[in-house]
Amino acid sequence: MSKFATMSQKQESKREEFRHYLEKAGVLDALTKVLVGLYEEPDQPTDALEFVKRHLHGGPPEPVDIDTLKQQIQELQQRNLQLEDEVSQLKSRLLKYEPIEQEGTS
């Protein structure tokens, strides 16, 4: 077997391993779906690469309203404090009716 044939077999083996890796990771299916979507698009986009990028990661991120998120955080923190206070009060009430037994006493 020649040196060239051995190198060719190694390269083919590496390609096959890589293809199997992509298949196992779902990359081939994802690419196929996006390319089929591009093919079936009634009006071919002018920027095919942008179409692929947008459809691979699910489109552009939704805009985030920072002020709304800050308000929600503040409301949740306040609610958390209320619940912590309520838990503390309920524990105190429970101790009145079911006192904790001291270790070593019978």
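What counts and what doesn't
Residues numbered from 1 in each chain as written. Predicted model: local features only at pLDDT ≥ 70, side-chain atom pairs only at ≥ 80, totals over all residues. Heavy atoms only, no water. Helix = DSSP H or I, 4+ residues; strand = E, 2+ residues; numbered from the N terminus. Buried < 20%, exposed > 50% of the residue type's maximum accessible area, 1.4 Å probe, protein only. Areas by Shrake-Rupley, 256 points an atom, 1.4 Å probe, with all protein chains shown as cover. Phe/Tyr/Trp six-rings, centres within 6.5 Å; stacked < 30°, edge-to-face > 60°. Salt bridge = Lys/Arg side-chain N within 4 Å of Asp/Glu carboxyl O. pLDDT = per-residue confidence, 0-100. Patch = residues over 30% accessible without salt bridge, like charges linked within 9 Å, V, L, I, M, F, W, Y side chains within 5 Å. Polar contact = N/O pair within 3.5 Å; in protein donor to acceptor, adjacent residues only side chain to side chain. Axes fitted to C-alpha atoms, helices over the stretch in contact; angles between N-to-C directions. Parallel < 35°, antiparallel > 145°, perpendicular 65-115°, else oblique. Left-handed = near helix turned anticlockwise from the far one by under 90°. Contact = heavy atoms within 4.5 Å. Nonpolar A, V, L, I, M, F, W, Y, C, P; charged D, E, K, R; others polar.

1. Some points on the overall build of the chain
Part 1: For the chain, the count of helices and strands is 4 helices and 0 strands.
Part 2: The secondary structure elements of the chain, listed N-terminal to C-terminal, are α-α-α-α.
Part 3: Counting the 106 residues in the chain, one finds 6% classified as buried.
Part 4: Carbon together with sulfur atoms contributes 55% to the accessible area of the chain, which is approximately 10300 Å² in total.

2. Description of the packing of aromatic side chains
Part 1: In the structure shown here, the tally under the stated rule is 1 aromatic pair.
Part 2: Ring plane angle 35° and centroid distance 6.0 Å describe the contact between F18 and Y21, whose orientation is recorded as tilted. In this pair, F18 and Y21 both sit in helix α1 (residues 3-25), 3 residues apart, roughly one turn of the helix.
Part 3: You can call F18 partly exposed: its relative accessible area is 49%.

3. A word on the pattern of salt bridges
As a working rule, side chains carrying opposite charge can pair if their charged atoms are close by.
Part 1: With the rule as written, the count across this model stands at 3 salt bridges.
Part 2: With its nearest N and O atoms 3.5 Å apart, the salt bridge here joins E12 to R15. Remark: R15 and E12 occur in helix α1; sequence separation between them is 3 residues, near one turn of the helix.
Part 3: Between E23 and R19 there is a salt bridge; the shortest N-O distance is 2.5 Å. Within this pair, E23 and its partner R19 are both found in helix α1, separated by 4 residues, close to a single helical turn.

4. Observations concerning the confidence of the model for the chain
Part 1: Confidence in the prediction of the chain, expressed as mean pLDDT, is 87, and 90% of residues score 70 or more.
Part 2: Between the elements of the chain, mean pLDDT differs from a low of 87, seen in α1, to a high of 95, seen in helix α4 (residues 66-97).

5. Topic: a nonpolar patch on the surface
Part 1: A surface patch of nonpolar side chains, about 300 Å² in accessible area, is lined by V27, L31, L35 and L56.
Part 2: You can see V27 is positioned in helix α2 (residues 27-40).
Part 3: In this structure V27 comes out as partly exposed when scored by relative accessible area, which is 31%.

6. Observations regarding helix α3 (residues 48-56)
Part 1: Between a side-chain oxygen at the N-terminus of α3 and the backbone nitrogen of L49 the separation is 3.3 Å; the capping residue is D47.
Part 2: Looking one or two residues beyond α3, the residue adopting positive phi is G58, at roughly 90°.

7. Digging into the packing of α2 against α3
In a packed pair of helices, the relevant descriptors are the angle between the two axes and the axis-to-axis distance.
Part 1: Between α2 and α3, the shortest axis-to-axis distance is 10 Å and the interhelical angle comes to 130°. Classed by the angle they form, the pair α2 and α3 counts as oblique. For the crossing formed where α2 meets α3, the hand is right-handed. Two secondary-structure elements touch here, α2 through A30, L31, V34, L35, G37 and L38 and α3 through A48, F51, V52, H55 and L56.
Part 2: Residues belonging to the contact of α2 with α3 are distributed by class as follows: 9 nonpolar, 2 polar and no charged.

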